[in-house]
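Topology and contacts: notes
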Amino acid sequence: GSQIGFYSKALRENILREMLLESEMQDSLKRDEFQIYLQPQVLLGSRRAGERLRAEALVRWWRDGRMYALPDEFIGLFERNGSIVDLDYYVMRKACELLQFWRANGLPPLCIAVNVSPLTMRQAGFEDYCCRIKREHGVEDGEIELEFTESIAVQDYELFRSVLDRLHAEGFVCAMDDFGTGQSSLNVIQSLKVDVLKLDRLFFAPKGEPERQRIVLAAILSLARQLHMSTVAEGIEDEAQVEELRELGCDYVQGFVVSKPLPVREYIAWIEGKGTWKQK
Ligand code: C2E
Ligand code: MG
Ligand code: MG
């Protein structure tokens with residue numbers, strides 16, 4: 001053909017590293033080497049009675065007392081080789097176990113958001129698994145949120161719609177993750193009843209004209225409000241952005257400005273110390 005491929009040492013090292021991660025994953029699952037970290041999502045408006053604390057579960061791969069690999073290195077790989085399904089199910093089970101522990105220890109009501117890969121959602125029996133694991137751990141309605149990406153909604157529209165119906169009926173909260181990075185953002189929310197819209201940090205990255213950026217942001221937040229969706233701004237790193245989001249009526253913020261993802265123990269210390277972070 002007319003194409004040329006270049007091979008380098010780095011390419012070879014990458015392939016070897018991927019093969020290593022692939023071969024170790026199942027063993028690590030059995031040995032509980034994947035841990036969930038919690039990143040707080042804090043409320044910007046005033047708290048309604050009975051409102052839960054919120055956090056996203058983000059997986060971390062630990063081995064021999066150190067961080068072995070980051071999600072950016074292994075999630076894509078596991079999506080390609082299919083083992084992401086096992087990891088997603090594992091994280092969901094861990095989140096339910098954590099909620100059980102939460103109740104036993106009288107900690108304040110919490111909603112944990114769990115990421116779901118497109119491949120996982122497409123599994124026959126996905127909703128059954130979610131319902132069974134929720135029931136087995138005595139998890140209450142509203143305690144687990146499932147985050148789906150926009151690409152699911154675009155590629156598997158009908159399936160996603162029926163999955164949403166079933167999950168809603170079973171007491172799950174459903175969120176659209178990384179909103180604004182896909183190709184069909186507005187189509188998606190016009191017809192799919194997700195409860196939470198997570199605005200990707202691309203929306204907030206300083207670029208172009210700030211005034212135009214603000215107009216788009218304001219319109220999306222207003223749209224979400226009118227469609228009765230909560231909004232979470234992701235990847236927020238500075239106070240000025242928080243103030244702007246508060247003014248524009250965004251509901252929650254998640255990002256390093258509040259806290260990085262924390263091991264469970266540290267998350268508990270965090271809520272005990274400053275759970276009402278800058279709440280007005
Ligand atoms: P995501 O679901 O959009 O999660 C948010 C990511 O942004 C996390 O990266 C988080 O650490 C990072 N982040 C949070 N605040 C900030 C900030 O202020 N600035 C910047 N620059 N980044 C921030 P993480 O933990 O490395 O995860 C990356 C992605 O991996 C996640 O993106 C999610 O798509 C995927 N992922 C993580 N855990 C799981 C899992 O259990 N299952 C599946 N399917 N995917 C997962
Ligand atoms: Mg997410
Ligand atoms: Mg996201």
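Residues numbered from 1 in each chain as written. Chains lettered and ligands numbered in written order. Predicted model: local features only at pLDDT ≥ 70, side-chain atom pairs only at ≥ 80, totals over all residues. Heavy atoms only, no water.

1. Observations concerning the overall build of the chain
The secondary structure content of the chain amounts to 11 helices and 10 strands. Relative to its length of 280 residues, the chain is compact, with a C-alpha radius of gyration of 20 Å against a globular reference of 19 Å. Taken along its principal axes, the extent of the C-alpha atoms in the chain is 55 × 55 × 40 Å. The buried share among the 280 residues of the chain stands at 49%. Partitioning the intrachain contacts of the chain with sequence separation of at least 6 by distance along the chain shows that 71% fall at a separation of at least 24. Here the chain displays about 14,600 Å² of accessible surface, and carbon together with sulfur accounts for 52% of that area. Across the chain, the mean location of the 35 positive side-chain charges is 2 Å away from that of the 45 negative side-chain charges. (Helix = DSSP H or I, 4+ residues; strand = E, 2+ residues; numbered from the N terminus. Rg over C-alpha atoms; globule rule 2.2 N^0.38 Å. Buried < 20%, exposed > 50% of the residue type's maximum accessible area, 1.4 Å probe, protein only. Contact = heavy atoms within 4.5 Å. Areas by Shrake-Rupley, 256 points an atom, 1.4 Å probe, with all protein chains shown as cover. Lys, Arg positive; Asp, Glu negative; His and termini not counted. Charge placed at Lys NZ, Arg CZ, Asp CG, Glu CD.)

2. Examining the coordination of the magnesium ion (ligand 3)
Protein coordination at the magnesium ion (ligand 3): the donors are Asp177 (OD), Asp178 (OD), Glu234 (OE) and Glu234 (OE), at 2.1 to 2.6 Å from the metal. Counting gaps between the donor residues of the magnesium ion (ligand 3) yields the pattern D-D-x55-E. The metal-metal distance between the magnesium ion (ligand 3) and the magnesium ion (ligand 2) comes to 3.9 Å, with Asp177 coordinating both. (Donors = N, O, S within 2.8 Å, 3.2 Å for Na, K, Ca; no water.)

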